[in-house]
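# Structural features, examined
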Amino acid sequence: MIAQHSIQEVLNRADVIEIVGQFVRLKKRGANHIANCPFHSEKTPSFYVSGAKGIYKCFGCGKGGNVVTFIQEHEKLTYPEAIRWLADYYKIALEETERTPEQIVQQQSEESLRILNEFAARYFHETLLSTEEGKAVGLPYFKQRGFRKDIIEKFLLGYNPEHHNEFLQHATQNGYQKDLLEKAGLVKNRSGIYHDVYRGRVIFPIQSMTGRVLGFGARILRSNEKAPKYINTPENELYIKSRVLYGIYQSRQAIGKLDECFLVEGYTDVISLHQGGVENVVASSGTSLTEDQLRVVGHLTKNLTILYDGDAAGVKAALRGLDMALAQSFNVKLVLLPEGEDPDSFIQNSGVAKFHEYVKEKKQDVISFRLEVGMKEVGSDPVAKSKLVNEIAESISKINKAEDFALQDHYVREASRKLAVDESGLINLVNKFIRERVEQDRRHGRRDTLETEVPTPEQIVEQPEITAATTEEQQEWELIRVLIEHGEKLYEGYQNVADLVHQRVDPDLFESVATRKVYDSYFNYLNDYQAFPQISFFTNFADTALQHTLTSLFQIRNEISPNWSENYGIETLSGDLNYMNEADSALSYFELKKIMKMQDELVKRFNSETDLHKITVMQQKIIELKKAEAEIIRKHGTVVLKIWGKR
Ligand code: ZN
């Protein structure tokens, strides 16, 4: 893990204008910079970047965030990867948090494998393109498959010479140890004699989302019945089969942009589709889809379209992992290719226009696919049919009902019609599966209770998503915004705005768990570091829902209508002293709440009090509270009216 202070160093250093400027052409306008949005296509700029606030916001598609989310989104990276990207850019050495000896060994081993793999990939690639043997043996194979030179380069395709263990020699000459070469699956030790594993094979490097070479697939060229057609890197610290997706590096941007990912089976399917202009495609490399692979795709899109051959193996492969995808809220579609075609041959024979047309026409959803395949297998066997009904019901139960009620409903109707079973019976069955799962989750001890200790940012991340804000919640978020944005500014009678809030707000009056946690972590940070947490500290919480809420708090409000001041002479309220009004206004909500709570308590006691003297004192107090209440209402009418209605 990257040390928190290293992350902070990167955040302090990273300049949103400079970084965003690496990817889009920014123009200065007023206090901000504008550009055509890199996340959706547009002709006139609605993408705003505020250097002062360190954030960006698109008023066209709604995307927004800070410099880290920009890199995450644009480069399709995870949070730590984006931090590393920025650290690289600014030449900041990242410090890792304390690691156990095992972790250190693991990391060193990963690192040496990564360096070796990159060395090997370059060697194979150059051997393919620049040696006699590569040009005579390796290259013709790719040419015959119809691969262009630019595509061969894009996928770093390569070739390993057939004789003399040339790779082994080259690698040992360059200082690589034999045991590391063996671990990477590049050489083999046979009774003390080492030799190349990929002799006479063409090489497909398998890259990570960030372009690291994790391992290789190597295909034999000579027909040899004893040798396997493909050899893959064995599992090691770097190459974890269940996580790799071939083509993810080359496809990541198109997948995000088109909001869809095609899944195919083979390396050459991915490459051919890219060459044909379909760049949002990955291959699961022969394994069935795993949860980890789905998670990788899920960062980019929730729309997964599986292209499969019509043969039995193709259907089986397509069926695997589908429930997992449904459970992860993927919208999964299947496309059966014409008889005798695979994606590679289909796009080469028919071209990209035909490909898209075909996909559009033949796209089928999972349940319908299941039904179709199932009905064929079941025939008139009643036992098999009842099994199928159960399977379909279970699949339907996995659709996230909150998100897709209509879809679930649609499937129930469709399935009951095709299976000729009673609709309400099927609904009961679906509900049974849902209940079982809920029960299972409960037994596994999901915690819903509120924690009272002060949370760390990680704990905030674990909070459930924040739903549409109530008026109370909006008021609480407004206070959070004022605190984060103006906390360090001066306020008369107090050290600063943060001090004002700290002294005057009763944290127990927060109704939302999320705002309370952000509030606590603000003052925690202030206490621990004797420094005001920056906006980035808060907008970096990995939970997207919370991130979204926080980011939208800092929308670049003054630039929505940049021409206002020119056209109408209206100066937007970004004045230097306006923050005090904002602070007052945000506070007034809490003050009023406090007053009303006190009143309620007093009235309760008042009603049961018999001592005349005490009653008089209470009466006096209630009158004072009423006065204070009226004063707040007079000053901050709009805020108050909203709460008033609730009373
Ligand atoms: Zn946009």
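Before going into details, it helps to say that this report is about the structure given with it. Predicted model only: the values in this text are computed from it and were never measured.

Rules and cut-offs
- Residues numbered from 1 in each chain as written.
- Predicted model: local features only at pLDDT ≥ 70, side-chain atom pairs only at ≥ 80, totals over all residues.
- Heavy atoms only, no water.
- Helix = DSSP H or I, 4+ residues; strand = E, 2+ residues; numbered from the N terminus.
- Buried < 20%, exposed > 50% of the residue type's maximum accessible area, 1.4 Å probe, protein only.
- Contact = heavy atoms within 4.5 Å.
- Areas by Shrake-Rupley, 256 points an atom, 1.4 Å probe, with all protein chains shown as cover.
- Axes fitted to C-alpha atoms, helices over the stretch in contact; angles between N-to-C directions.
- Parallel < 35°, antiparallel > 145°, perpendicular 65-115°, else oblique.
- Nonpolar A, V, L, I, M, F, W, Y, C, P; charged D, E, K, R; others polar.
- Donors = N, O, S within 2.8 Å, 3.2 Å for Na, K, Ca; no water.
- Tetrahedral: all angles 85-135°; square planar, octahedral: opposite > 155°, others 65-115°.
- Core = buried A, V, L, I, M, F, W, Y, C linked by side-chain atoms within 4.5 Å.
- Domains from an automatic or database assignment.
- Pairing = 2+ DSSP bridges.
- Phe/Tyr/Trp six-rings, centres within 6.5 Å; stacked < 30°, edge-to-face > 60°.
- Lys NZ or Arg CZ within 6 Å of the ring centre and 35° of its normal.
- Expected span 1.5 Å × (residues − 1).
- Polar contact = N/O pair within 3.5 Å; in protein donor to acceptor, adjacent residues only side chain to side chain.

Right, let's talk about the overall build of the protein for a bit. Each helix and strand counted, the protein has 29 helices and 16 strands in total. Counting over 647 residues, the protein shows a buried share of 46%. Across the protein, the fraction of contacts at a sequence separation of at least 24, relative to all contacts at a separation of at least 6, is 65%. Approximately 34000 Å² of the protein is accessible, and the part contributed by carbon and sulfur atoms is 49%.

This next bit is on the packing of helix H16 (residues 366-378) against helix H17 (residues 382-397). For the pair H16 and H17, the least separation of the axes is 10 Å and the interaxial angle reads 170°. One finds that H16 runs roughly antiparallel with respect to H17. Contact with H16, carried on its side by Ile367, Arg370, Leu371, Gly374, Met375 and Val378, involves Ala384, Lys385, Leu388, Ile392, Ser395 and Ile396 of H17 and no other residues of that element. Broken down by class, the residue content of the contact of H16 with H17 amounts to eight nonpolar, two polar and two charged.

Turning to the coordination of the zinc ion, a few remarks are in order. Within the first shell, the zinc ion binds the protein through Cys37 (SG), His40 (ND1), Cys58 (SG) and Cys61 (SG), at distances of 2.0 to 2.3 Å. Around the zinc ion, the four donor atoms are arranged such that angles at the metal cover 102 to 118°; this shape is classified as tetrahedral. Written as a sequence motif, the donor residues of the zinc ion are C-x2-H-x17-C-x2-C.

Looking now at the nonpolar core. Leu157, Phe167, Leu186 and Tyr246 are the most contacted members of the largest nonpolar core, which totals 58 residues. It is helix H5 (residues 101-130) that contributes the most residues to this core, eight residues altogether. When residues of this core are sorted by domain, at least three fall in each of domain 2 (110-238) and domain 3 (240-362). The residues contacting Phe167, other than those within four sequence positions of it, are Phe119, Ala120, Tyr123, Phe124, Asn160, Leu181, Leu186, Val187 and Asp196. Membership of the second largest hydrophobic core comes to 42 residues, among which are Leu294, Val389, Ala393 and Leu429.

Here we come to the sheet that holds strand E2 (residues 32-35). Read from one edge of the open sheet, five strands run E1-E2-E3-E4-E5, paired in antiparallel fashion. Each end of this open sheet is capped by a strand with a single partner; those strands are strand E1 (27-29) and strand E5 (64-66). Each strand of the sheet is rotated relative to its neighbour by a mean of 25°, with strand direction disregarded. Where E1 lies against E2, three bridges are found, and the strand directions are antiparallel. Within the sheet, the bridge partner assigned to Lys27 lies in E2 and is Ile34. Lying on the sheet, helix H3 (residues 67-75) is in contact with strand E3 (47-50), strand E4 (55-58) and E5; it crosses E5 at an angle near 120°.

Right, let's get into the packing of aromatic side chains. This model, assessed by the stated rule, comprises 36 aromatic pairs. Measuring from centroid to centroid gives 6.3 Å for Phe204 and Tyr230, while their planes differ by 45°, and the two rings are tilted. Residue Phe204 is located in strand E9 (residues 201-207), and its partner Tyr230 is located in strand E11 (residues 230-232); the two are separated by 26 residues in the primary sequence. Residue class for Phe204 comes out buried when judged on its relative accessible area of 0%. Its relative accessible area of 29% is what places Tyr230 among the partly exposed residues. Among the aromatic residues, those joined into a cluster by ring pairs are Phe23, Phe39, Phe47, Tyr56, Phe70, Trp85, Tyr89 and Tyr90. Directly above the aromatic system of Phe330 lies the positively charged group of Lys302, at a separation of 4.7 Å from the ring centroid. Over the aromatic face of Phe433 sits the side chain of Lys432, whose NZ or CZ is 5.1 Å from the ring centroid.

Once that is clear, we can look at the environment of Ser521. Of note, Ser521 is situated in helix H23 (residues 513-529). The class for Ser521 is buried, based on a relative accessible area of 3%. Linking Ser521 and Phe538, residues 17 residues apart in sequence, is a C-alpha distance of 9.2 Å.

With that out of the way, let us pick up the packing of helix H22 (residues 497-504) against helix H27 (residues 578-608). Where H22 meets H27, the closest approach of the two axes is 11 Å, and the angle between their N-to-C directions is 5°. The pairing of H22 with H27 is recorded here as roughly parallel in orientation. Between H22 and H27, the contacting residues are Val497, Leu500, Val501 and Arg504 on the first element and Tyr579, Ala583, Leu587, Glu591 and Lys594 on the second. Residues that form the contact of H22 with H27 fall into these classes: six nonpolar, no polar and three charged.

So, on to the pairing of E9. With seven of its seven residues buried, E9 lies for the most part within the structure. Residues of E9 alternate between two faces, with Arg201, Ile203, Pro205 and Gln207 on one and Val202, Phe204 and Ile206 on the opposite face, all of them buried. Bridge count between strand E6 (residues 158-160) and E9: three bridges; the pairing is antiparallel. Paired with Tyr159 across the bridge in E9 is Val202. In terms of strand pairing, E9 meets strand E10 (residues 213-220) through seven bridges, oriented antiparallel. Across the sheet, residue Gln207 finds its bridge partner in E10, namely Val213.

For the rest of this paragraph, the subject is H17. In this model H17 runs 22 Å from its N-terminal to its C-terminal C-alpha over 16 residues, within 8% of the 22 Å that 1.5 Å per residue would give. For H17, the complete set of buried residues consists of Leu388, Val389, Ile392, Ala393, Ser395, Ile396 and Ser397. For H17, the N-terminal cap is Asp381; the gap from its side-chain oxygen to the backbone nitrogen of Val383 is 3.0 Å.

Taken in spatial order, the four strands line up as E6-E9-E10-E11 in an open sheet, and their pairing is antiparallel. Looking along the sheet, the strands with just one partner apiece sit at the ends: E6 and E11. Neighbour-to-neighbour, the strand axes of the sheet open up by a mean angle of 30°, direction not taken into account. Contacting E6, E9 and E10, H5 runs over the sheet at an angle of about 35° to E10. Contacting E9, E10 and E11, helix H11 (residues 267-276) runs over the sheet at an angle of about 75° to E9.

The side-chain alternation of E3 yields two buried faces, one formed by Phe47 and Val49 and the other by Tyr48 and Ser50. When E2 meets E3, the two strands line up antiparallel, connected through three bridges. The residue bridging His33 from the neighbouring strand is Val49, located in E3. By the bridge criterion, four bridges tie E3 to E4 in an arrangement that is antiparallel. Among the inter-strand pairings, Ser50 is bridged to a residue of E4, identified as Ile55. In this antiparallel pair of consecutive strands, E3 and E4, the connection spans four residues, and Gly54 shows a positive phi of 70°.

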